[in-house]
Amino acid sequence: MKITVVKGDITKIAVDAIVNAANNALMGGGGVDGAIHRIGGSIISKECSEIRNRQGGCKTGEAVYTSAGNLPAKYVIHTVGPIWQGGSANEEQLLGNCYVNSILLAEKLNAKSISFPNISTGVYGFPKEKAVEIAIKTVDKATKTLNSVTEVTFVCFDEENYQLYQKQYSCQTKKR
Ligand code: AR6
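Please read these numbers as outputs of a predicted model, since none were measured by experiment.

Chemist: Tell me about the pairing of strand β2 (residues 17-21), residues and numbers included.
Modeler: Taking burial as the measure, the five residues of β2 include four buried ones, the bulk of the element. The pairing of β2 with strand β4 (residues 75-79) spans five bridges and is parallel. Along β4, the bridge assignment pairs Val-19 with Ile-77. Where β2 meets strand β5 (residues 113-116), two bridges bridge the pair, whose relative direction is parallel. Bridge pairing in β5 links Ala-17 to Ile-114.

Chemist: Quick rundown of the layout of surface pockets? Include the residues and the values.
Modeler: There is about 560 Å³ of room inside the largest pocket. Around the largest pocket sit 27 residues that line it, and Ala-21, Gly-31, Val-32, Asp-33 and Gly-122 are the ones nearest its centre. Of all the secondary-structure elements, those providing two or more residues to the lining of the largest pocket are α1 (31-40) and β6 (151-156). A total of four residues in the lining of the largest pocket trace back to one element, the largest contributor, which is α1. For the lining of the largest pocket, the per-class residue count stands at twelve nonpolar, eleven polar and four charged. When its volume is computed, the second largest pocket comes out at roughly 160 Å³. As for the second largest pocket, its lining consists of Ile-51, Arg-54, Gln-55, Ala-63, Val-64, Tyr-65, Asn-101, Leu-104, Leu-105 and Lys-108. Put simply, the parts of the chain that give the lining of the second largest pocket at least two residues each are α2 (42-55), β3 (63-67) and α3 (91-108). Here the lining of the second largest pocket takes four residues from α3, the largest share from any one element.

Chemist: Any details on the packing of α3 against helix α4 (residues 128-142)? Residues and values, ideally.
Modeler: Between α3 and α4, the shortest axis-to-axis distance is 9 Å and the interhelical angle comes to 40 degrees. Here α3 is positioned oblique relative to α4, judged by the angle of their axes. By crossing handedness, the relation of α3 to α4 is classed as right-handed. Contact residues: α3 offers Glu-92, Leu-95, Gly-96, Tyr-99, Val-100 and Ile-103, while α4 offers Lys-130, Ala-131, Ile-134, Ala-135, Thr-138, Val-139 and Ala-142. Considering only residue class, the contact of α3 with α4 consists of nine nonpolar, two polar and two charged.

Procedures and definitions
Residues numbered from 1 in each chain as written. Predicted model: local features only at pLDDT ≥ 70, side-chain atom pairs only at ≥ 80, totals over all residues. Heavy atoms only, no water. Buried < 20%, exposed > 50% of the residue type's maximum accessible area, 1.4 Å probe, protein only. Helix = DSSP H or I, 4+ residues; strand = E, 2+ residues; numbered from the N terminus. Pairing = 2+ DSSP bridges. 1 Å grid on protein atoms, 1.4 Å probe; cavity = no way out; pocket = protein on both sides within 12 Å on 5 of 7 lines; lining within 4 Å. Points joined across faces, edges and corners; volume = space filled by probe spheres on them. Nonpolar A, V, L, I, M, F, W, Y, C, P; charged D, E, K, R; others polar. Axes fitted to C-alpha atoms, helices over the stretch in contact; angles between N-to-C directions. Parallel < 35°, antiparallel > 145°, perpendicular 65-115°, else oblique. Left-handed = near helix turned anticlockwise from the far one by under 90°. Contact = heavy atoms within 4.5 Å.

Put into structure tokens, the structure is as follows:
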């Protein structure tokens, strides 16, 4: 498994599947969700509304997919991160579920490459350092048994997240 960390805008990344940090209603919003809907175009909202009509949206920790419209990716996997409420509302498990369920869905779609934003660390207020640990640990574990997905990229939009990922990876390398 090739795992890379880059600093940048996920809407510009040409991989098979990019992950969106969406909301339960799949209605679009601000942050990375807003950028994906804006740049990907109306096909994404249209397919999100079909999912909403079919199954009422997407539960926290789960994942659904749409096509990617004008984005360079083939699919958008929409997952819903937990809103940070202090840590006693199962937020850590739910954030881990977002990564696992997105990877499993990418595998089902026969995607080879998948890119993640730093789910829940914007408007949803999840502490960034804790979120990085969960993302890396969960992705490491979930990718051990895959056939299709061979490349995972963490796309950090802000410098703080980028530094935290670099730090985590250098700590892990030292431990090995
Ligand atoms: N590419 C990659 N990462 C980005 C981009 C981008 N273009 N833009 C922002 N980020 P957020 P959440 C980073 O708030 O916390 C929406 O309104 C950003 O720096 O987008 O999961 C939804 O509709 C941050 O680190 O998502 C939901 O209502 C990370 O993406 C709600 O926000 C996540 O920040 C979800 O909140």
